[in-house]
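Coordinate inspection notes
Residue-level listing of the chains:
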Amino acid sequence: MLPVLGPTPRPLSLVLLCLLVLCVPLAGCGSGLGGSGTGSGVPSADSVERDVRRAVADWSAAPPAALAAIPLEGWAYEVSAVRVEGVRAFARAELRYRLTGYDTAPAGSAREVELTRGGGSWAVTADRPAPGALPQLWDQGPVSVERGAHALVLGGSGQSSGSLSEIAAEADKAVPAASAAWPRPWAGRVVVLVPGSLDAMAALLGRPADEYRGLGAVTTGRTGAGPAPADRVVVNPEGYGQLTAEGRQVILTHETTHVATRAATTARTPLWLSEGFADWAAYRDSGRTPAEAAPSLARAVRRGDLPGELPAAGAFAFGGDADALARAYEGSWLACRLVARRWGDAALVSLYEKSGRESLPTALADTLGTDPAGLTSAWQQELRREFR
């Protein structure tokens, strides 16, 4: 699934991610208040703000020791505003960082840093998400780290190293599968976040938990070309844990494919194509038949409820009819499967690329020599044939 910032979940189965709420004063230092005050000896507002900013800069010169296991680089707090209330101060800042070897563009997080003054200097005493901002995984408690050949897995509070190792192994299989389906340049690696609970996952994504109940994972990230986004696959530990081994592999490959195709995915890309392509990548070597992988759609077609059109964007909304959502994903997969079988894998990849830059009718004409009506008719015939 392409979630909030251009990302997406899948019915079996995406934005952004990690945290730190400290209960004890954090080590920090600030310059003294003398030297630039008013003539009365009372520091001016400007000098106080400079001291607060300097204290935040000194404190944030390196990541906290509690995050030492996470491969962080480019760690910086950029203060945009300071509010002083007596011996307390609050700095609004933007945290920028990259995960070494995984992020080619910085991830961002709006923060509120709290400081107190004592002994003539300011010291940071708390760091939390700014009001209305999404938390980071480390804000929810200690973070565990597991590395795979192609994956970095960050586990939230309560996640065991064994479960994280299994996810890392599954992600290591997902990356080559996504690369085989999408033979275009991409990072070839993935970051997987595993929060401690469904509620913790929902908090990271800023959405109600019910929207993700029953899903295995979602993907976050910005769509479109340009600097590679800091994509994250976010696992729902409850939904993921209920899946079979095959189901977990399908989900991780689906979400990893969204990461691989991110730069080619734009607002023009039809959701049926982006979701169907991700499923096509996940199922292409599974040996699963349409009846096995698309049971909801099979039942609908057999009772005479043949879809009149390819799934519209609204069909992928979560929190509604689960069976209708399943049919949307299944129908999208079968549409992409049809394109690959009839016109070839390369034609499907080209269709995906062109649909992100041009209208769907133009992309279909250029790559398949057909139009939306022709593709829909061929897809309906395929559904009748598979589910007769």
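Small disclaimer: the values here were computed from a predicted structure and weren't measured.

Conventions we followed
- Residues numbered from 1 in each chain as written.
- Predicted model: local features only at pLDDT ≥ 70, side-chain atom pairs only at ≥ 80, totals over all residues.
- Heavy atoms only, no water.
- Helix = DSSP H or I, 4+ residues; strand = E, 2+ residues; numbered from the N terminus.
- Buried < 20%, exposed > 50% of the residue type's maximum accessible area, 1.4 Å probe, protein only.
- Pairing = 2+ DSSP bridges.
- Phe/Tyr/Trp six-rings, centres within 6.5 Å; stacked < 30°, edge-to-face > 60°.
- Lys NZ or Arg CZ within 6 Å of the ring centre and 35° of its normal.
- Salt bridge = Lys/Arg side-chain N within 4 Å of Asp/Glu carboxyl O.
- Axes fitted to C-alpha atoms, helices over the stretch in contact; angles between N-to-C directions.
- Contact = heavy atoms within 4.5 Å.

Check the secondary structure of the protein chain and you find 12 helices and nine strands. Counting all 388 residues of the protein chain, 51% fall into the buried class.

All right, on to the pairing of strand 1 (residues 72–85) then. Pairing between strand 1 and strand 2 (residues 88–99): 11 bridges, direction antiparallel. Counted as the bridge partner of Glu-85 is Arg-88 from strand 2. Between strand 1 and strand 2, which pair antiparallel one after the other, the connecting turn spans two residues, and Gly-86 there sits at a positive phi close to 65 degrees.

This next bit is on the packing of aromatic side chains. Within this structure, the stated rule accounts for 11 aromatic pairs. On the numbers, 5.9 Å between centres and 45 degrees between planes, the contact of Trp-75 with Trp-138 is tilted. Of this pair, Trp-75 sits in strand 1 while Trp-138 sits in the loop between strand 4 (121–129) and strand 5 (144–147), and the two are 63 residues apart along the sequence. The ring of Trp-280 carries the charged tip of Arg-284 above its face, separated from the ring centre by 4.7 Å.

Residue position: Gly-369 is located in the loop between helix 11 (360–367) and helix 12 (372–386). Taking the C-alpha atoms as reference points, Gly-369 and Trp-343, 26 residues apart in sequence, are found 9.7 Å from one another.

For the rest of this paragraph, the subject is the environment of Ala-298. Here Ala-298 lies in helix 8 (residues 295–302). Here the alpha-carbon distance between Ala-298 and Arg-384, two residues 86 residues apart in the chain, equals 9.2 Å.

Moving on, we come to the pattern of salt bridges. A complete count under the given rule lists 24 salt bridges for this structure. A salt bridge links Glu-114 to Arg-128, with the shortest nitrogen-to-oxygen separation between them at 2.8 Å. Of the two residues, Glu-114 sits in strand 3 (residues 107–118) while Arg-128 sits in strand 4, which places them 14 residues apart along the sequence. Given a relative accessible area of 11%, Glu-114 falls into the buried group. For the salt bridge of Arg-248 with Glu-170, the shortest nitrogen-to-oxygen distance reads 3.0 Å. Remark: Glu-170 occurs in helix 2 (residues 161–181) and Arg-248 occurs in helix 5 (residues 245–260); sequence separation between them is 78 residues.

Pairing in this open sheet of four strands is antiparallel, and the strands run 1-2-3-4 from one edge to the other. With one partner strand each, in any of the chains shown, strand 1 and strand 4 form the two edges of the open sheet. Across the sheet, the axes of successive neighbouring strands diverge by a mean angle of 30 degrees, strand direction being ignored. Docked against the sheet, helix 1 (residues 45–59) engages strand 1, strand 2, strand 3 and strand 4, running at close to 155 degrees with respect to strand 1.

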